[in-house]
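As a plain string of letters, each chain reads:
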Amino acid sequence: MSITMYGIPNCDTIKKAKKWLEAESVSYEFHDYRKQGIDTDMVTQFCQQLGWENVLNKRGTTYRQLTQEQKDSLNEQNAIALLVEQPAMIKRPILLVNNQYHLGFKADQYSTIFS
């Protein structure tokens, strides 16, 4: 089973997800946006699989700092460009398990994925 978790290491939700995977002895690779980078292809893939509105984290400070005009004019194309520029706005974690993407972390959701 091939598993990759995408995110930034200091995120609390990432920490919880990592802790869960380690407790369940699930081995995974961690892709750190800041260290390993991110590009348009990767973000486009996330958005095609999960929907750009889901991938965009509207609860974070980075999103809240956008102008109202930027928020109002968001569409898939400019959202992807924005997410590549500001990976902190990507909802975390994104988990890739056997070519299937999963968004966010909830223990019961992970239990279902790995059962």
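Scroll up to find the structure.
Just so it is clear, the structure is predicted and the values come from calculations on it, not from any experiment.

Colleague: Hey, could you run me through the packing of helix H3 (residues 40-50) against helix H7 (residues 76-85) in this one?
Modeller: Each pair of packed helices gets described by two things: the angle between the helix axes and the distance between those axes. Running from N to C, H3 and H7 cross one another at 125 degrees; their axes reach a closest spacing of 9 Å. Comparing their axes, H7 and H3 come out oblique. For the pair H3 and H7, the crossing hand works out as right-handed. Where H3 approaches H7, its residues Thr 40, Val 43, Thr 44 and Cys 47 are matched on the opposing element by Glu 76, Ile 80, Leu 83 and Val 84.

Colleague: Even after reading the chapter, I still don't get the nonpolar core, so can you show me in this structure?
Modeller: Across soluble globular proteins, nonpolar side chains have a tendency to be buried as a group. Formed by 41 residues in total, the largest nonpolar core has its most connected members in Met 5, Leu 21, Tyr 33, Ile 94, Tyr 110 and Phe 114. In this structure, Leu 21 is in contact with Met 5, Val 26, Tyr 28, Leu 95, Tyr 110 and Phe 114, ignoring residues within four places of it in sequence.

Colleague: What is the right way to read the environment of Ile 14 from this model?
Modeller: Structurally, the position occupied by Ile 14 is in helix H1 (residues 12-23). Under the relative-accessibility criterion, Ile 14 is labelled buried at 0%. Setting aside its immediate chain neighbours within four residues, Ile 14 contacts Met 5, Tyr 6, Gly 7, Ile 8, Pro 9, Phe 30, Arg 92 and Pro 93.

Colleague: I would appreciate a short explanation of the packing of aromatic side chains in the present structure.
Modeller: Each pair of aromatic rings is reported with the distance of its centres and the angle of its planes. Within the structure shown, the criterion is met by 6 aromatic pairs. With a centroid separation of 5.5 Å and 75 degrees between ring planes, the pair formed by Phe 46 and Tyr 101 is classed as edge-to-face. Here Phe 46, found in helix H3, pairs with Tyr 101, found in strand E4 (residues 100-103); they are 55 residues apart in sequence, far enough to count as distant. Take Phe 46: its relative accessible area is 0%, and that puts it in the buried class. Ring plane angle 65 degrees and centroid distance 6.1 Å describe the contact between Tyr 110 and Phe 114, whose orientation is recorded as edge-to-face. The residues Tyr 110 and Phe 114 share a single accessibility class, namely buried. Among the aromatic residues, ring-to-ring pairing joins Trp 20, Phe 105, Tyr 110 and Phe 114 into one connected group. Over the ring of Phe 30 we find Lys 18; its NZ or CZ atom is 4.0 Å from the centre of that ring.

Rules and cut-offs
Residues numbered from 1 in each chain as written. Predicted model: local features only at pLDDT ≥ 70, side-chain atom pairs only at ≥ 80, totals over all residues. Heavy atoms only, no water. Axes fitted to C-alpha atoms, helices over the stretch in contact; angles between N-to-C directions. Helix = DSSP H or I, 4+ residues; strand = E, 2+ residues; numbered from the N terminus. Parallel < 35°, antiparallel > 145°, perpendicular 65-115°, else oblique. Left-handed = near helix turned anticlockwise from the far one by under 90°. Contact = heavy atoms within 4.5 Å. Core = buried A, V, L, I, M, F, W, Y, C linked by side-chain atoms within 4.5 Å. Buried < 20%, exposed > 50% of the residue type's maximum accessible area, 1.4 Å probe, protein only. Phe/Tyr/Trp six-rings, centres within 6.5 Å; stacked < 30°, edge-to-face > 60°. Lys NZ or Arg CZ within 6 Å of the ring centre and 35° of its normal.

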